[in-house]
Amino acid sequence: MKKKIIIIAIVLLVILAFLLSGGDKLEQDIYTVELGSIAQEIFEPGTIKKGDEINLSFANSGRIKSIYVKEGDIVEKDDVLATLDDDVLNINLEKAKSNLSIANINLQKLISVGSGQDIQTAQIIVDNANIALNSAIQNLEEAEQVSNERISNLYSDSLSVINSSVLASETAYDNVRTVLEKYFPKFYNQDSRNGALARDRIKASAEEIKYYRGLGDTDKTLEITEKNLKSIFEDMDAVINILNQPIYQDISQGDKLIINTQKNNINQSLTSVTSMIGAISLAKSVKSSELSLAQNQKRSAEGTLTQAQNDLERIMSSARDEDVALARLQIDQARKEVDLLEKMIEDSIIRAPFKGKVIRVNFKDLEIIQAGVPVITIILEDIYQVELNIYEGDIAKISIDNPAEIKVVALPDEEFSGVVSFIDVASKLIDNVIYYKTLINIDNPSDKMKVGMTADVTITPLKKDNVLVIPERAVSNSTVTLTKEDGSTEEVTINLGLRGSDRMVEVLSGLNLGDKIIVSK
C-alpha cells in the first residue's frame, strides 16, 4: 500500500515540475506590432480562352431605352452599348440625395443651439418633406396606372391573337376534312382511320379554343389555346405524312400544299400565342418591380416627413445622445439609398468590357427585357483571357480592373499578370452551388500559351500598405492581451480593418507601433 502511494506521489511531482518548468510557454508567444502590407486575395483555377463569345445583359429588368450598336460594329473598352429607361431611377436618386442633405442638416441642428433661424429652417424641411411625400404618392399612382394600361393593352392584343387562332384552327379542320373526304370516301384502311382520328382531334381542339374564348378568362384561354395549337400542329403533321405516302399517287400537289399551308398557319398562331403569354408574364413582373420601388419611395418619404416634424418639435431643446445616434443612423440609411440608386442606374447601362466586335444584337429599342437575358454578344479576337467561375460568397468582393496574378500549369517558369475585365450578371449552378463567370485579360501573354490550358489565378480586390498588422489568432472578441514593460498584462479593446488572406488583420485603433501582445499558438 505504501509503495502505491509513493508511486502516485512521484507521478504528481513530475507533472507539477513539467508545468512549472515551461509548459505554459508552449501555448503562447509574444508578437511586436509592426507596419506591413495586408491584402484580400481570392484564388480560383481557370482556363485559357481566346476569341470567345461574351453575352452582355442588364442586371435589372425594364424597358430598353436605346441600343447604340449593330451587328458588325467594332467597339472600344467602356463604350456604352445599350441603356434601360432610367428616368424614374434618376428622379428617385435626386430625392434620395435631398433626403441625405436633410438628414445631415437634421444632425447639425441637433448638435447646435436652437434659434429663430433654426426653427425657420426646420419648417422649410417639413414643407419640403410634405412636397416629397405628395410627389411619391403621385409617382406610385402613375406607376400603377402605366403598368395597368400596359397589361390592359396586352390583353386587348390577346383577343386578336385568340380570334386568329380560332379562325386558323377551324380553317385547318375544314381543309383536313375536305381533303380526307375527297381521297378516302369509299374504302377504310388504317391510314384512313388514322386520318379520321387526326381530323376529329383537330375538330375537338378547335372547339375547345372557341369555347374558352367565350368565358372571358384571357390567361386561361391563352393557356388552353397554346396547348390545343400544339396538338393541332402534331395532327396536321400526321395527316401530311399520310398524304405523302407513295401509294396515294392520285392525291394532287395542290391539296397537299393546302394542308401544308394550314400547318404553317397553325405554327404562326402558336408562335403568336406563346409570345403573348411571355409578354403578359413579363409585364406583370415589371409592374411588381415598379410598384415595389414606388411604394418604398413613398414609405421613405413618409418616414422623412415624420422625422422632420419631430425635429421641428425638438429644435428648441438641446440634443439627447439617443437623438444624435438616431440622426447619424438616418444619415447612414440615406447614404445607402443614394448608393443603391446610383448602382441601379449604372446597372442600367451595358458597357463593352473590352475592345471587340459585335456579332449579335437580340433586342430593339423600347422592348421589355428581363435581368440576365443576353442583349448583345461580342467577340474578342486578339487578347488571351482566363475564364473563371467565382463562388457567390466571393463575387461581391471583386470589381472590374482588379489586378490578378496568373500561373499557367503548362508554363511553370513564367509569371503572368492581368486584370478583371468581365463579371457576368447571370449566375450558373455547378454541383448545386452558385457561381458567376468572370474573365481576366492577360497583359503579357506568351507565344507558348495555348487555348484550353489550365491557369491558377489570384485576384487581389483590396490591398493596403504601411498599416499596423497583427496575427488574427491574437484577437478574441475584439480584444488583445497587451504586455507591459514591468511584465504585467492588460486586456485592450481594438478596432479591426481589413482581414488578409494570410490570417493577418489590420488594426485601426487601440494599439501603437512597437506594442507587444500575446499570441496563442
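Look up a bit, the structure's there.
This report concerns the structure included in the present document.

1. Structural notes on the overall build of the chain
Then, number 1: Across its full length, the chain carries eight helices and 20 strands.
Then, number 2: Taken over C-alpha atoms, the radius of gyration comes to 36 Å for the chain, far larger than the 24 Å a tight globule of 521 residues would show.
Then, number 3: Taking the principal axes of the C-alpha coordinates as reference, the chain spans close to 120 × 80 × 70 Å.
Then, number 4: When each of the 521 residues of the chain is scored for burial, the buried share is 39%.
Then, number 5: In the chain, the proportion of contacts linking residues at least 24 apart, taken out of those at least 6 apart, comes to 78%.

2. What to know about the environment of leucine 84
Then, number 1: The residue leucine 84 is located in strand β6 (residues 80-84) in this model.
Then, number 2: Ignoring anything within four residues of it in the chain, the contact list for leucine 84 reads Phe58, Asn60, Ser61, Gly62, Arg63, Ile64, Lys65, Ser348 and Ile369.

3. Details of empty space enclosed by the protein
Then, number 1: Under the counting rule described, the total for this entry stands at two cavities of 30 Å³ or more.
Then, number 2: Reported here for the second largest cavity is a volume of approximately 50 Å³.
Then, number 3: Surrounding the second largest cavity, Lys95, Asn99, Ala132, Ala136, Gln297, Ser300 and Ala301 form its lining.
Then, number 4: The set of elements that each furnish at least two residues to the lining of the second largest cavity consists of α2 (87-110), α3 (116-183) and α6 (253-314).
Then, number 5: Among the elements that make up the lining of the second largest cavity, the one with the highest residue count is α6 (three residues).
Then, number 6: Of the residues in the lining of the second largest cavity, the class split is three nonpolar, three polar and one charged.

4. A closer look at the sheet that holds strand β9 (residues 368-369)
Then, number 1: Pairing is antiparallel across the open sheet formed by four strands, whose spatial order is β7-β6-β4-β9. Whereas interior strands pair on both sides, the edge strands pair on one side only; in this sheet they are β7 (349-351) and β9.
Then, number 2: The pairing of β6 with β7 spans three bridges and is antiparallel. Each bridged residue has a counterpart across the sheet, and for valine 80 the counterpart in β7 is arginine 351.

5. A look at the sheet that holds strand β20 (residues 516-520)
Across a sheet, paired strands are connected by hydrogen bonds in the backbone, their directions being either parallel or antiparallel.
Then, number 1: Taken in spatial order, the four strands make up an open sheet running β1-β20-β16-β17, and their pairing is antiparallel. The open sheet has two free edges, formed respectively by β1 (28-32) and β17 (489-493), since each of these has just one partner strand. If you compare each strand with its neighbour and ignore which way they point, the axes differ by 45° on average.
Then, number 2: Relative to β17, strand β16 (residues 479-483) is paired through five bridges, and the arrangement is antiparallel. When the sheet's bridge partners are listed, leucine 482 is paired in β17 with glutamate 490.

6. Points about the packing of aromatic side chains
Then, number 1: Applying the stated rule across the entire model yields two aromatic pairs.
Then, number 2: Taken together, a centroid distance of 5.4 Å and an interplanar angle of 85° make the contact between tyrosine 211 and tyrosine 212 edge-to-face.
Then, number 3: Since its relative accessible area comes to 54%, tyrosine 211 is described here as exposed.
Then, number 4: Seen in terms of ring centroids, tyrosine 391 and tyrosine 435 are 6.3 Å apart; in terms of plane orientation they differ by 65°. Their pairing is edge-to-face.

7. Let's talk about the pattern of salt bridges
Then, number 1: Taken as a whole and judged by the stated rule, the model has 24 salt bridges.
Then, number 2: Glutamate 181 is the salt-bridge partner of arginine 177, the closest N and O atoms lying 3.9 Å from each other. With arginine 177 and glutamate 181 both in helix α3, this residue pair falls four residues apart, about one helical turn.
Then, number 3: A salt bridge links lysine 298 to glutamate 302; the nearest nitrogen and oxygen atoms lie 2.7 Å apart. In this pair, lysine 298 and glutamate 302 both sit in helix α6, four residues apart, roughly one turn of the helix.
Then, number 4: Ionic contacts of the salt-bridge type, sharing partners, join the residues Lys77, Asp78 and Asp401 into one network.

8. Notes on unusual backbone geometry
Then, number 1: Unlike most non-glycine residues, aspartate 78 shows phi in positive territory, near 75°.
Then, number 2: Position of aspartate 78 relative to the elements: it lies in the loop between β5 (74-75) and β6.
Then, number 3: A positive phi is found at asparagine 432, a non-glycine position, where the angle reads about 65°.
Then, number 4: Classification of asparagine 432 by relative accessible area gives exposed; the value is 73%.

9. Focus on the nonpolar core
Then, number 1: By size, the foremost hydrophobic cluster in this structure holds 33 residues, and its most contacted members are Val176, Phe184, Met236, Leu243 and Ile259.
Then, number 2: A total of twelve residues in this core trace back to one element, the largest contributor, which is α3.
Then, number 3: When residues no more than four places from it in sequence are discounted, the contact partners of methionine 236 are Ala172, Val176, Ile202, Ile259, Gln262 and Lys263.
Then, number 4: In this structure, Ile54, Leu81, Ala352 and Val358 belong to the second largest nonpolar core, which totals 22 residues.

10. Notes on the packing of helix α4 (residues 190-213) against helix α5 (residues 218-243)
Then, number 1: Running from N to C, α4 and α5 point in directions that differ by 160°, and their axes come no closer than 9 Å. Comparing the axis directions of α4 and α5 gives the class roughly antiparallel. Here the hand of the crossing between α4 and α5 comes out left-handed.
Then, number 2: For the contact of α4 with α5, a count of residues per class yields eleven nonpolar, seven polar and seven charged.

Rules used throughout
- Residues numbered from 1 in each chain as written.
- Predicted model: local features only at pLDDT ≥ 70, side-chain atom pairs only at ≥ 80, totals over all residues.
- Heavy atoms only, no water.
- Helix = DSSP H or I, 4+ residues; strand = E, 2+ residues; numbered from the N terminus.
- Rg over C-alpha atoms; globule rule 2.2 N^0.38 Å.
- Buried < 20%, exposed > 50% of the residue type's maximum accessible area, 1.4 Å probe, protein only.
- Contact = heavy atoms within 4.5 Å.
- 1 Å grid on protein atoms, 1.4 Å probe; cavity = no way out; pocket = protein on both sides within 12 Å on 5 of 7 lines; lining within 4 Å.
- Points joined across faces, edges and corners; volume = space filled by probe spheres on them.
- Nonpolar A, V, L, I, M, F, W, Y, C, P; charged D, E, K, R; others polar.
- Pairing = 2+ DSSP bridges.
- Axes fitted to C-alpha atoms, helices over the stretch in contact; angles between N-to-C directions.
- Phe/Tyr/Trp six-rings, centres within 6.5 Å; stacked < 30°, edge-to-face > 60°.
- Salt bridge = Lys/Arg side-chain N within 4 Å of Asp/Glu carboxyl O.
- Core = buried A, V, L, I, M, F, W, Y, C linked by side-chain atoms within 4.5 Å.
- Parallel < 35°, antiparallel > 145°, perpendicular 65-115°, else oblique.
- Left-handed = near helix turned anticlockwise from the far one by under 90°.

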